[in-house]
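An overview of the molecular structure
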Amino acid sequence: MLRYILSRLGQSLILLVIVSCIGFCVLSLAPGGPLSQFALSPGMTQEQLAKIAEQMGLNRPLPVQYIDWLSHLCVGDWGQSYRDGQPVLAVIGRHLFATLLLMGTATVISVTLGSAIGIFSALKRGGAFDYTMTVFAMVALSIPTFWFGLVAIYVFSLNLGWLPAGNMYTVGDGSVLDYLRHLILPAMVLALVDVAIWSRYMRTSTLNVIKQDFVRTARAKGLTSRRVLFKHIVGNSLVPMITLAGLQLPMVLGGALVTETVFTWPGMGRLFLDSLGYNDYPVVMGLLMASAILVLVGNLAADLIVALIDPRIRLD
């Protein structure tokens, strides 16, 4: 098991270096560059820009800049924001909780509803519920997240007035109930597509398990349908879904970026767009690395859980 863990950690570190290299090169090719914001200052001359570039190390070859940035990253120095001079880690830390709260809530909703819908659809295969959920999944996968978010705001906030239209809390309140009221709409919008995906995969996984010999043997022994379902079918159907949970993290992060923008949620997605508009490259690279670490940690955790459940995995 230790060998398997070390192997997966090594692969994750290699992927992290590749992601950082690609991101650094792409940002270096972006129009304007880091000096574009300084060039907008009144009275800024080319000589002053050249001096700023020298102070920031931007006049060095790109490979040298990357190695210097990566070496500082490894010791916990992620640079400073061009906007306010704050450490990048501190800037990201102020927005990390909001994103994790939104993603965590949306994941719990999507896993719970998607699994329940998928299992029931498999048990009632070909019935009215199965066909209805299939149509729902196709519609949910076809609707853009931003469109559904705007419709949700129009219906539940503007027309009905049941829920807030945006932000994370009401200024001057900050109670748990207030946080929950602000969380409902963005979490449901973010979870919509994942519910459809989880229900389809869970339906397929459950149908595959139902056909296995051990399920037929359990029924032949006279076990009740309820016992067969929860002891033999559900548990074995969830094993491949753990891997899916790790693979879904990039999609959830991408959806969070759109959702946070629509609902003005103060998370990493909003920070990413704001930093891009300001050409705040240290924060953009920091967000890229933080997102990559979250995805890799999620996938690694999912792989380890599956390996613990199924010893055949760690023998590959």
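My aim in this report is to walk through the structure given alongside it, one point at a time. (Residues numbered from 1 in each chain as written. Predicted model: local features only at pLDDT ≥ 70, side-chain atom pairs only at ≥ 80, totals over all residues. Heavy atoms only, no water.)

Structural notes on a nonpolar patch on the surface
On the surface, a nonpolar cluster with roughly 1,000 Å² of combined accessible area is contributed by Phe 146, Trp 147, Leu 150, Val 151, Tyr 154, Val 155, Phe 156, Leu 158, Leu 160 and Trp 162. Position of Leu 150 among the secondary structure elements: in helix 7 (residues 145–159). (Patch = residues over 30% accessible without salt bridge, like charges linked within 9 Å, V, L, I, M, F, W, Y side chains within 5 Å. Areas by Shrake-Rupley, 256 points an atom, 1.4 Å probe, with all protein chains shown as cover. Salt bridge = Lys/Arg side-chain N within 4 Å of Asp/Glu carboxyl O. Helix = DSSP H or I, 4+ residues; strand = E, 2+ residues; numbered from the N terminus.)

With respect to unusual backbone geometry
Of note in this structure, Thr 264 is not a glycine but carries a positive phi near 45°. Among the structural elements, Thr 264 can be located in the loop between helix 11 (249–262) and helix 12 (268–277). Under the relative-accessibility criterion, Thr 264 is labelled partly exposed at 32%. In this structure, Asn 279 is a non-glycine residue whose phi angle is positive, near 55°. We classify Asn 279 as buried; its relative accessible area is 15%. (Buried < 20%, exposed > 50% of the residue type's maximum accessible area, 1.4 Å probe, protein only.)

Some points on the packing of helix 6 (residues 128–142) against helix 8 (residues 176–210)
Running from N to C, helix 6 and helix 8 point in directions that differ by 135°, and their axes come no closer than 9 Å. Put simply, helix 6 runs oblique to helix 8. In the crossing of helix 6 with helix 8, the sense of the turn from one axis to the other is left-handed. Contact residues: helix 6 offers Asp 130, Met 133, Thr 134, Phe 136, Ala 137, Ala 140 and Leu 141, while helix 8 offers Leu 192, Val 193, Val 195, Ala 196, Ile 197, Arg 200 and Arg 203. Across the contact of helix 6 with helix 8, the residue classes tally to 10 nonpolar, one polar and three charged. (Axes fitted to C-alpha atoms, helices over the stretch in contact; angles between N-to-C directions. Parallel < 35°, antiparallel > 145°, perpendicular 65-115°, else oblique. Left-handed = near helix turned anticlockwise from the far one by under 90°. Contact = heavy atoms within 4.5 Å. Nonpolar A, V, L, I, M, F, W, Y, C, P; charged D, E, K, R; others polar.)

Observations concerning the nonpolar core
Core analysis: the biggest nonpolar cluster contains 20 residues, and Trp 69, Trp 78, Ile 92, Val 283, Leu 287 and Met 289 have the highest contact counts within it. Going through the elements one at a time, helix 1 (2–28), helix 4 (62–74), helix 5 (88–123), helix 12 and helix 13 (281–309) are the ones with two or more residues in this core. It is helix 13 that contributes the most residues to this core, eight residues altogether. Leu 287 has contacts with Ile 92, Met 268, Leu 271 and Phe 272, leaving out every residue within four places of it along the chain. Counting 19 residues, the second-largest nonpolar core is a separate cluster that includes Ala 98, Leu 183, Ala 187 and Trp 265. (Core = buried A, V, L, I, M, F, W, Y, C linked by side-chain atoms within 4.5 Å.)

Some words on the pattern of salt bridges
Think of it this way: side chains of opposite charge can pair up when their charged atoms draw near. This structure, assessed with the given rule, holds two salt bridges. The partner of Asp 68 in a salt bridge is Arg 60, with the nearest N and O atoms 3.5 Å apart. Residue Asp 68 is classed as partly exposed on the basis of its relative accessible area, which comes to 30%. According to the relative accessible area criterion, Arg 60 is partly exposed, its value standing at 32%.

Section: the side chain of Thr 99
Among the structural elements, Thr 99 can be located in helix 5. For Thr 99, a relative accessible area of 1% gives the class buried. Once you skip the residues sitting within four places of it in the chain, Thr 99 turns out to touch Glu 260, Trp 265, Gly 267, Met 268 and Gly 269.

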